[in-house]
Each structure stands twice: as structure tokens, then as C-alpha cells.
Amino acid sequence: MIGRWQSICPTVRELAHPSLKARRGEKWTGSTACRDTMWLTLLYSCTGGAALLYALYRWLIPAAVQYHGGLALIWHDVIVEWILDTLTHSTRPQRLLSAVQKNATRGDPSSVVKAIDQFCRQKEWAMNVGDEKGCILDLVVSEVNPTFVLELGTYCGYSTVRIARLLPPHAKVITLEFNPDFAAIAHQVIAWAGLEDKVHLIVGASGDWIPKMKEQFGLNSFDLVFLDHWKDRYLPDTKLMEECGLLRQGSILLADNVICPGAPDYLDYVRRSSQYESQYFKSHLEYTKVEDGLEKSIFLG
Ligand SMILES: C[S@@+](CC[C@H](N)C(=O)[O-])C[C@H]1O[C@@H](n2cnc3c(N)ncnc32)[C@H](O)[C@@H]1O
């Protein structure tokens, strides 16, 4: 490839300065000029094409999809992730962790949150609760001032760090993640934030672990449950928590992504049931302008 461009470069120079050829004693013929023009056109086309592809990837498509939930998720969560994984031979969680290690201060949870938000706004979207809905999460955590928090769906530990940094002394977050690769990254992100003593990260599926919670952790109930795993699990896991007696009168359920991608059966349940008092907090899908929100539901017993 380099040799090919080296052979083009003298030709381009010579096209601009035909005297170069004359100095070397070569004749300036029509066919040489034609060949040189062809190379020049090819060079311009390749450069222009590459610039257009980059502009499409970096600005035009992201701007076009940011108001449409389905398109935004397909673009960021499928296409871009696949392209970057293939080009870099790394995964999105690994790249997110590198951004934390490069830009956040060890032992400073807020700098970890900031580094992840910067990474997701400037480099790569990721499925964290994000900065905008994260502020609502912060408000609910501060208001509830919980001792025991259950988080369903850890991913890279972004929301875990957000929650744990606001907890009073002796309070704990138990967070569940069934993907061991994500859990390994989350473990390092939480450690970087200096919050290991506040977080218990379990690698396993919610349906298997909810029935074991009381026995494993010797607790009676959760003060706050943050639901942020796969959306079709919100309703069955809520019913499972009720059955297992993990919710007490006044326990709060806070569910992310109730609009996008959406959890309609769950929303219907908590809004209609006399066992819950429910409130919607309107916001946007993480790092986009698509409507999404959090549903806060108080368990009345
Ligand atoms: C949206 S991400 C969580 C984002 C995270 N709460 C944050 O804001 O940083 C959802 C995560 O839930 C995990 N997950 C999905 N279903 C699960 C289940 N039934 N049990 C445990 N983890 C689950 C997925 O592997 C994924 O990492």
C-alpha cells in the first residue's frame, strides 16, 4: 500500500511541475497526462469518500437518530459497537474501563461518574442510566437514605457507583449482573471509585438470586430497588420480590427505561395495583434526546 502511494506521489508532483519530467529527459505526452489525471481523480475520490464516511459516522447519523429510540439503539448499541469491537479488538466495557483509568481519580466516585459520562457523550454511547436520569436517581437515593439497596442489572457499574457514593455509613448496595465479562469490568470500576466496601456484586441471574437474598445476606427487606436489567424481567422479578417478602411497607422501586425500550406490562401493573403508589419522572434515553423516564413506585404493603 505504502509503495503504491510512493509511486503516485512523484506523479502528482510531476503533474504540477511538468519541468521535472523534462529535467529527467522524459517526453511529456498526452497519455502520461491522462494517466496522472486518473491517479489524481482516484486520490481525490478516496480522500473525499473517507471524509464523507467519517462525517456520516461521527456527526450525521448520530444527529439523525438521536430523536428516534429504535434507530438510536440499533445505531449505537449494534452497529457502532460492532464496528469498534472489530477495529479495536476490544469490547465497549473494556474501552469504558480504560477511559475511567485514564481520566478519573482513584477513590473519587464523582470523577468516575464524570469520566464515564464524558466517554459516552464524546466517544461511545453505552447503556448506563446516564447523566440526565442519573440526577433523578441521585435525588431518590438521597430522599430514601436507604440501608439496603438492590440493583438489578450492573453492566459496567456506573449506576452502582452513583448509588453507593450517596449511601450513609454501613449501608450496602447488592447488585446483580448475569454477564461475567460485564461483572469483571464493573468490579474494577467500583474498585477505582473506592466503593468496594459499600457494594456486593453478584454474578448471577435475578430469577435465581432473588429467592436466596434473605438467607444469603441475612436481611429482612430492601429499602430501595433499582430495576435496570432486561425489561421483560421487571414484572416477574417484582412479583418474585413480593412473594419472597423482600418488600416492606414503604420500600421504593425505581425502574429505568420504562418508555424506551419500555416495560409496558410492568408500568401497567404498578400503576393499576392498589399495592403501589406510582409516579413517572420524564427524562431522556441516556445520552440522546429520545423520551424515556424513571417510574418510582412506593410499595404500600
Ligand atoms: C441497562 S444495563 C444496566 C446499566 C446499569 N444499571 C447502569 O446504569 O450503569 C442492563 C444489564 O442487566 C444485565 N441483565 C439483564 N437481565 C439480567 C438478569 N435477569 N439478571 C442479572 N443481570 C441481568 C445485562 O447483562 C446488562 O448488563
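Please refer to the structure placed before this passage.
Because the structure is a prediction, the values reported are computed rather than measured.

Draft legend 1. Local environment of the pairing of strand β5 (residues 247-255). Note that strand β4 (residues 222-227) and β5 share 5 bridges and pair parallel. Looking at β5, one finds that Val-225 is bridged to Leu-253. With respect to chirality, the unit in which β4 leads through helix α12 (residues 234-243) into the neighbouring parallel β5 is right-handed. Bridging between β5 and strand β7 (residues 291-299) involves 4 bridges; their strand directions are antiparallel. Bridging from a neighbouring strand, Leu-253 pairs with Ser-297 of β7.

Draft legend 2. Local environment of helix α6 (residues 109-122). The terminal C-alpha atoms of α6, which comprises 14 residues, lie 20 Å apart, in line with the 20 Å expected from a rise of 1.5 Å per residue. Every buried residue of α6 is accounted for by Pro-109, Val-112, Val-113, Ala-115, Ile-116, Phe-119 and Cys-120. In a view along the axis of α6, the buried residues occupy a sector of 165 degrees, so they form one face of it. Structurally, α6 contributes buried residues whose contacts are with α5 (92-103), α7 (130-144), α8 (158-164) and α9 (180-192).

Draft legend 3. The arrangement of the packing of α5 against α9 in detail. At a closest axis distance of 10 Å, the pairing of α5 and α9 adopts a crossing angle of 10 degrees. Taken together, α5 and α9 sit at an angle that is classed as roughly parallel. Seen from α5, the contacting residues are Pro-93, Gln-94, Leu-97, Val-100 and Gln-101; seen from α9, they are Asp-181, Phe-182, Ile-185, Gln-188, Val-189 and Trp-192.

Draft legend 4. Expanded view of unusual backbone geometry. Of the consecutive residues Cys-260 and Pro-261, the connecting peptide bond is found in the cis state with omega at 0 degrees. Counting through the fold element by element, Pro-261 comes out in helix α13 (residues 258-262). Unlike most non-glycine residues, Tyr-155 shows phi in positive territory, near 50 degrees. Relative to the helices and strands, Tyr-155 is located in the loop between β1 (148-152) and α8. With 24 C-beta atoms packed within 10 Å, Tyr-155 lands in the buried category. The backbone of His-170 shows a phi angle near 75 degrees, a positive value even though the residue is not glycine. Assignment of secondary structure puts His-170 in the loop between α8 and β2 (172-177). When the 8 C-beta atoms within 10 Å are taken as the criterion, His-170 is described as exposed.

Draft legend 5. Quick peek at the sheet that holds β2. Read across the open sheet, the 7 strands follow the order β3-β2-β1-β4-β5-β7-β6; overall the sheet is mixed. In this open sheet, the two strands that pair with only one neighbour each are β3 (199-203) and β6 (276-284). In this sheet, neighbouring strand axes are inclined to one another by 15 degrees on average, regardless of whether the strands run parallel or antiparallel. The pairing of β1 with β2 spans 5 bridges and is parallel. Opposite Glu-151, over in β2, you have Thr-175 as the bridge partner. The sheet contacts of α12 involve β1, β4 and β5, and relative to β5 the element is tilted by about 165 degrees.

Draft legend 6. Expanded view of the site of the ligand. Close contacts around the ligand come from 18 residues, with Val-129, Gly-153, Tyr-158, Ser-159 and His-229 the closest. For the shell around the ligand, the per-class residue count stands at 9 nonpolar, 6 polar and 3 charged.

Criteria and thresholds
Residues numbered from 1 in each chain as written. Predicted model: local features only at pLDDT ≥ 70, side-chain atom pairs only at ≥ 80, totals over all residues. Pairing = 2+ DSSP bridges. Helix = DSSP H or I, 4+ residues; strand = E, 2+ residues; numbered from the N terminus. Right-handed = clockwise from strand over helix to strand, strands pointing away. Expected span 1.5 Å × (residues − 1). Buried ≥ 20, exposed ≤ 12 C-beta atoms within 10 Å, placed from the backbone. Arc of directions from axis to C-beta. Contact = placed C-beta atoms within 7 Å. Axes fitted to C-alpha atoms, helices over the stretch in contact; angles between N-to-C directions. Parallel < 35°, antiparallel > 145°, perpendicular 65-115°, else oblique. Near = placed C-beta within 6 Å. Nonpolar A, V, L, I, M, F, W, Y, C, P; charged D, E, K, R; others polar.

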